[in-house]
Amino acid sequence: MATMSEKPSNVIGPTLSRRQFIKAGGVLAVGFSFVGTELLKADTAKVATFKNSLDPTLGSSWIEIHPDNTVLIRTGKSDFGQGSTFTAYRQIVADELSVPFEAITTVVAGHTDLTPDGSGAFDFLGRGTPNIRKAAAYTYQALLDLASEKLGVPKEKLSVKDGVVTGGGKSISYGDLVKNQQLRLTIPVSGDLTSIMGLTIEGNPPMKPVSEYTVIGESFKNSIISSKVAAKETWATDVRLPGMLHARVIHPKTLGSTLVSAGQPDKKQFPNAQVIVKGSLVGVVAPTEWEAIQAAEQVAGATKWTDWKGLPGNAKLYQHLREQSDWTSAPIEKSKPSKGDVAPVLASAHKKHSATYQLSYMKHAPIGPTMAVADVKADGTVHIYVHNQNPQALRGEIATMLGTTPDHVIVHAYPGPGHYGRSNGGNSGAEDEAVLLSQAVGKPVRVQWMRADDMQWSTQSAAAYSDVQIAIDEKGKIAAYQIDHYMPAMQDDRPVGAILAGLPTMSAPQVHSGGVTSTVNGIEDPWVYAQVTNLTENGHGTFQVGQKESPIAVGIRDHSMRTPGQFQQNYPRELAINEAAALAGADAIQFRIDHANEERAISVLKAVRDASGWDTRPSPRPNPVSTGATPVRGRGVSLMLRSGTYWACVCQIAVTPSTGAIAVEKYTIAVDPGIIVNPMQLKRNVEGGAVMGIAHALFEEMTFDESGITNEDWTSYPIPTMADIPEIQVVLLNNPKVGAYGGGSEAANALAAPAVAAALHDATGKMIRRLPMKAAYVQAVLKA
Amino acid sequence: MVTLNVNGVRREVQAPDDTPLLYVLRNDLELIGPQFGCGLAQCGACAVLVDGKETRSCVTPVASVANQEITTLEGLPARWAKLRGLSAEEAKSTLHPVQQAWIEEQTPQCGFCQNGMMIKATELLESNPHPTLTQIKEAFTTSGVSPNLCRCGTYVAIIEAVQHAATIMAKRS
């Protein structure tokens, strides 16, 4: 299809046109600049024209430059507390456009009809080139073209400062360039809008040189914090539609139960409550929330389910995984850095370390349980009001469930509690249920899960185990390293209400399911010890536990959680490296430095060594103590490369052998993300991740019996309190020569576990190779 | 019919006596500061001040607090203005020092629990204007019916914000 334009000008592949355009086949035409306030006012939400959810004749696009010199940006990525869309994105766009941070007055995020690119709330900085950066770079070139034409000065003789273009003794502001015109820039885009990764801007527009950054690197404040703190923000939990009913869902008795019969509420007690049944999905709706809650409780007591006992129970989890799980159907994934031949070296090793490391299921455990408001209109249009990490993917899943097309589904995005990955594939539990109940009653319905629903019917971070073998040579260096990672499928994106209702969903994880939903276990933890000459890293994958056994194909559903897959692989690797260092009689930090080549890896290790006051010596410490009621102290280290960022962490702990209680007393972390976009926001993200990671190390564990998950609240699934936090020191290493900005939120939560376990070994001489390190477990190991 | 005194205003609500205060505040009075976190008084996301004491609205029957002084997050600026005798004009443009400090220190991540954290901080600083680190930790862990929980792990930022708020409050007095 052709682009209709009056006067195109050539901008590195994309097209700048006056007037309007028609979407080109296979390429998303992206609007730029709207000019004239009248047209801006007309920029209202329309029903989506799938796959392009934006009405191309209106102003829904990536970036708008307004006549008053203000700028609006749009992104499919919703904020989940990282703050990137309100800070880093504005800083990145400001620098690419050469405008002040404050000029970017509006950030539109998440809404499926008002944002262009989809994808999830993860990897915000796109390893240095998020979509919004390219959109800004293209826009900048278009503005230069316009200015060149307007001022009659060649493009290369123009310079821009604070949104004013100067050249040949003349100057003009961006606002004046776009005033009274209707301009549109089309840029090349590829991808699938409703897939987990969404759309990607193609091409290579010239980017602002790092040396010219003036906005990136400054600690600008996150604007949404102000409105949240002042109770001025509308959260998803606050959405109330006319005629809306409140609902609670009664989930099955077990993860394999089907409905026998649904109970009914006492009509005298709950005159307005109504029970909705669709397959094995049972919902109770009522005009008030309190009536819905009480009636649902009563109905739950009278609802009958089939019984099911098809899970191993967490006491037998690792035995089940090793002996019962099918590790043969998915191909073994070998890492790219794997090299040499480990087998003969391991067979004739001077010293050899062999061990298995185990890591439990954990809950994302958002502080607010999942909820959604859905409004299914008489014409079949579905509106969902929700806090979701991937609204476009949700849209696709709801369309699949209803047998319609995504253009009938509109997701309105609002703030809510952090999900830590749980909804990055499009759903967190309540969305599809709200849609089905709204469809049934013909009114808007608000589904709010209770705390126990959220613990027992949501997904979890996958459990895993790894077998490690390391050969140490006479010089105390690693001669061969082999790690075999075993993990069930880590991402099940099927909406659970649709499964219960017996409606269509994507398939449960299979070998050939696409990308992250496959049973194939890819290597997620980039190797950082380049001096090791014989290396084998294998990933072994399988189905989720109970997935095939459950009559309703539910079982224990997994979902990526903060540092997904990599946590499961980095914990065993880093703890094993600590053990290898001990076996070699080497200091754990120096041992790492001696096996790394990458200067950034070495520099974070040195930084964390200096900042933590690390005394260089082998572990365990001289005269380790594993008995008695006096706390014993030790320290451990860990290292990770994730999303372009190098991380190293030192944990200093005190363990009381008689009780097994571990207290992390000091946590030091060094971070080199390349260019630091916003030091304050990075520091806050790292601190938060650190706290979560200490809990992952010490006590977080999803527990289950033969029928289902047994955690039900914050007592049975404790998360950290303020009393649990150590002294935390964050060392930020700004490294502009890298030329890109790496991620800064994930990883921090994964670093504590191997460092704490190594610290326990340092203090006591005893090694624990299973997470979490709960007091009773530590006590038992120290006694043995 | 229950009569409530919320943020200095008398409000009459039609709700059964046993309705948890949280649902009345959110659904009937459109006060959206308090959030539903657990419904079990285990996390603090729903906290409000009742006669100055941090209270979990998710388990508090509405009739039990009739005629008591209820303050939600929305009422913190006016509470501060009254405490310090600010003019109506000043009060309008002033956030409570706790809120100011929460912004200055960039405390929230997702922010869902921070209503309860700010309510707890207000309770603490009204009774102890210069809390030590130990006292701050006690306030957020052992002083209430449960610790105030933050899943994003913002405790370092909360401690810094409480200390910052104490400084702001001391300056104004």
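Residues numbered from 1 in each chain as written. Chains lettered and ligands numbered in written order. Predicted model: local features only at pLDDT ≥ 70, side-chain atom pairs only at ≥ 80, totals over all residues.

Draft legend 1. Local environment of the overall build of chain A. Secondary structure assignment for chain A yields 18 helices and 32 strands. Whereas a compact globule of 784 residues would reach a radius of gyration of roughly 28 Å, chain A reaches 28 Å, a difference of no more than 12%. Seen along its three principal axes, the alpha-carbon backbone of chain A occupies a region of about 80 × 75 × 50 Å. Out of the 784 residues belonging to chain A, those deemed buried represent 59%. If you take every contact in chain A between residues at least 6 apart in sequence, the share linking residues at least 24 apart comes to 78%. (Helix = DSSP H or I, 4+ residues; strand = E, 2+ residues; numbered from the N terminus. Rg over C-alpha atoms; globule rule 2.2 N^0.38 Å. Buried ≥ 20, exposed ≤ 12 C-beta atoms within 10 Å, placed from the backbone. Contact = placed C-beta atoms within 7 Å.)

Draft legend 2. Representation of the interface of chain A and chain B. Taken together, the contacts link 44 residues of chain A with 42 residues of chain B. For the side of chain A that touches chain B, the elements supplying multiple residues, two or more each, are α5 (223-229), α6 (289-302) and α16 (679-698) of chain A. Among the elements that take part in the side of chain A that touches chain B, α16(A) stands out by supplying nine residues, more than any other. Taken together, the residues that form the side of chain A that touches chain B break down as 23 nonpolar, 13 polar and eight charged. (Nonpolar A, V, L, I, M, F, W, Y, C, P; charged D, E, K, R; others polar.)

Draft legend 3. Local environment of unusual backbone geometry. Here the residue pair Ser619(A) and Pro620(A) is connected by a cis peptide bond, since its omega of -5° sits within 30 degrees of zero. With respect to the secondary-structure elements, Pro620(A) resides in the loop between α15 (599-612) and β28 (632-642). With omega at -5°, the peptide bond leading from Leu771(A) into Pro772(A) counts as cis. In this model, Asp51(B) sits at a positive phi of 50°, which is unusual for a non-glycine residue. Note on placement: Asp51(B) falls in the loop between β3 (47-50) and β4 (53-56). When the 11 C-beta atoms within 10 Å are taken as the criterion, Asp51(B) is described as exposed.

Draft legend 4. Layout of the pairing of strand β20 (residues 371-376) of chain A. Residue and element names in this part refer to chain A. For β20, a buried count of six out of six residues is recorded, marking the element as mostly surrounded by other parts of the structure. Judged by which residues are buried, β20 turns out to be covered on both faces: Met371, Val373 and Asp375 on one side and Ala372, Ala374 and Val376 on the other are all buried. Across four bridges, the pairing between β20 and strand β23 (residues 445-448) is antiparallel. Bridge pairing in β23 places Val373 opposite Arg446. Where β20 meets strand β21 (residues 382-386), four bridges bridge the pair, whose relative direction is antiparallel. Looking across to β21, one finds that Val373 is bridged to Tyr385. Count of turn residues in the β20/β21 antiparallel hairpin: five residues, of which Gly380 carries a positive phi of about 90°. (Pairing = 2+ DSSP bridges.)

Draft legend 5. Quick look at the domain arrangement of chain B. All names here are of chain B. Each assigned domain of chain B is listed with its residue range as follows: domain 1 (2-73) and domain 2 (76-172). Inter-centroid distance (C-alpha atoms) of domain 1 to domain 2 is 19 Å. Counting residues at the interface gives 21 residues for domain 1, matched by 18 residues for domain 2. Of all the secondary-structure elements, those providing two or more residues to the side of domain 1 that touches domain 2 are β3 and β4. Class assignment for the residues of the side of domain 1 that touches domain 2 results in nine nonpolar, nine polar and three charged. (Domains from an automatic or database assignment.)

Draft legend 6. Inspection of the confidence of the model for chain B at higher detail. Per-residue pLDDT for chain B has a mean of 96; in total, 99% of the residues score no lower than 70. Confidence estimates for the predicted assembly give a pTM of 0.94 and an ipTM of 0.98. (pLDDT = per-residue confidence, 0-100.)

Draft legend 7. Just α6(A), in detail. Look at α6(A): 20 Å from first C-alpha to last across 14 residues, which is about the 20 Å you get at 1.5 Å a residue. Looking at α6(A), one finds that the buried residues are Glu289(A), Glu291(A), Ala292(A), Ile293(A), Gln294(A), Ala295(A), Ala296(A) and Val299(A). Its buried side turned inward, α6(A) meets β12 (245-250), β14 (274-278) and β15 (281-286) of chain A together with α1 (21-28) of chain B. (Expected span 1.5 Å × (residues − 1).)

Draft legend 8. Focus on the sheet that holds strand β22 (residues 409-413) of chain A. Residues and elements named next belong to chain A. With respect to topology, seven strands assemble into an open sheet ordered β14-β15-β12-β23-β20-β21-β22, the strand pairing being mixed. The sheet is open, and its two edges are formed by β14 and β22, each paired on a single side. Within this sheet the neighbouring strands show an average axis-to-axis angle of 25°, counted without direction. Sheet topology note: the β14/β15 ladder contains five bridges and is antiparallel. Bridge assignment links Lys278 to a residue of β15, and that residue is Leu281. Lying on the sheet, α6 is in contact with β12, β14 and β15; it crosses β12 at an angle near 25°. The strands touched by helix α9 (residues 391-402) within the sheet are β21 and β22, with β22 carrying the most contacts at an inclination of about 145°. (Axes fitted to C-alpha atoms, helices over the stretch in contact; angles between N-to-C directions.)

Draft legend 9. Region of interest: the environment of Glu537(A). Residues and elements named next belong to chain A. Positionally, Glu537 belongs in strand β27 (residues 535-542). Separated by 200 residues in sequence, Glu537 and Pro337 place their C-alpha atoms 8.2 Å apart. Residues within four places of Glu537 in sequence aside, it is in contact with Lys334, Ser335, Ser338, Ile483, Ile523 and Trp527.

Draft legend 10. Structural context of the environment of Gly313(A). All names here are of chain A. Assignment of secondary structure puts Gly313 in the loop between β16 (304-305) and α7 (317-323). Overall, the presence of 14 C-beta atoms within 10 Å leaves Gly313 in the partly exposed class. Sequence separation between Gly313 and Lys606 is 293 residues, and the spatial gap between their C-alpha atoms is 43 Å. Excluding its chain neighbours within four sequence positions, the residues that come into contact with Gly313 are Phe704, Asp705 and Glu706.

Draft legend 11. Geometry of the packing of α16(A) against helix α17 (residues 752-764) of chain A. All names here are of chain A. With their axes 8 Å apart at the nearest point, α16 and α17 run at an angle of 55° to one another. Taken together, the axes of α16 and α17 are oblique relative to one another. Here α16 runs over α17; the crossing is right-handed. Taking contact as the criterion, the partners of Ala690, Gly693, Ile694, His696 and Ala697 in α16 are, on α17, Ala752, Ala753 and Val756. (Parallel < 35°, antiparallel > 145°, perpendicular 65-115°, else oblique. Left-handed = near helix turned anticlockwise from the far one by under 90°.)

Draft legend 12. Examining the packing of helix α14 (residues 588-595) of chain A against α15(A) more closely. Residues and elements named next belong to chain A. Where α14 meets α15, the axes come as close as 9 Å, and the angle between the chain directions of the two elements is 165°. For the element pair α14 / α15, the angle class is roughly antiparallel. Read as a crossing pair, α14 and α15 show a hand that is left-handed. In contact with Ile589, Arg592 and Ile593 of α14, α15 contributes Ile602, Leu605 and Arg609.

Draft legend 13. The arrangement of the sheet that holds strand β18 (residues 351-359) of chain A in detail. Residue and element names in this part refer to chain A. Read from one edge to the other, the open sheet built from six strands follows the order β17-β27-β26-β25-β18-β32, with strand pairing classed as mixed. Looking at which strands have only one partner, the edges of the open sheet turn out to be β17 (333-334) and β32 (770-771). Examined bridge by bridge, β17 and β27 share two bridges and lie antiparallel to one another. Counted as the bridge partner of Lys334 is Asn538 from β27.

Draft legend 14. The pairing of strand β25 (residues 464-472) of chain A, seen in detail. All names here are of chain A. Counted residue by residue, β25 has eight buried out of nine residues, so it is predominantly covered. Pairing of β18 with β25 involves nine bridges; the strand directions are antiparallel. Within β25, the position partnered with Lys352 by the bridge is Ala471. Two elements, β25 and strand β26 (residues 478-488), share eight bridges in a ladder whose sense is antiparallel. By the bridge assignment, Tyr465 is partnered in β26 with Tyr486. If you look at the hairpin formed by β25 and β26, you'll find five residues sitting between the two strands, and Gly476 has a positive phi there, around 80°.

Draft legend 15. Spatial organisation of the nonpolar core. Residue and element names in this part refer to chain A. If you look at the biggest cluster of nonpolar residues, it comprises 281 residues, and the most contacted ones within it are Val93, Ile384, Cys649, Ile669, Ala752 and Val756. Top contributing element to this core by residue count: helix α3 (residues 131-151), with eleven residues. Ignoring sequence-local partners within four residues, the contact set of Ala752 consists of Cys649, Cys651, Tyr667, Ala690, Gly693, Ile694, His696 and Ala697. (Core = buried A, V, L, I, M, F, W, Y, C linked by C-beta atoms within 7 Å.)

Draft legend 16. Looking closely at helix α2 (residues 76-83) of chain B. Every buried residue of α2(B) is listed here: Leu76(B), Pro77(B), Arg79(B) and Trp80(B). Within α2(B), the buried residues cover an arc of 160° as seen down the axis, which keeps them to one side. (Arc of directions from axis to C-beta.)

Draft legend 17. Quick look at the confidence of the model for chain A. Residue and element names in this part refer to chain A. For chain A, per-residue confidence averages 91 on the pLDDT scale, and residues scoring 70 or more make up 92% of the total. Counted against residues more than four places away or in other chains, residues 1-13, with its pLDDT under 50, gives 39 contacts. The low-confidence segment residues 19-60 (pLDDT under 50) makes 107 contacts with residues lying over four places distant or belonging to another chain.

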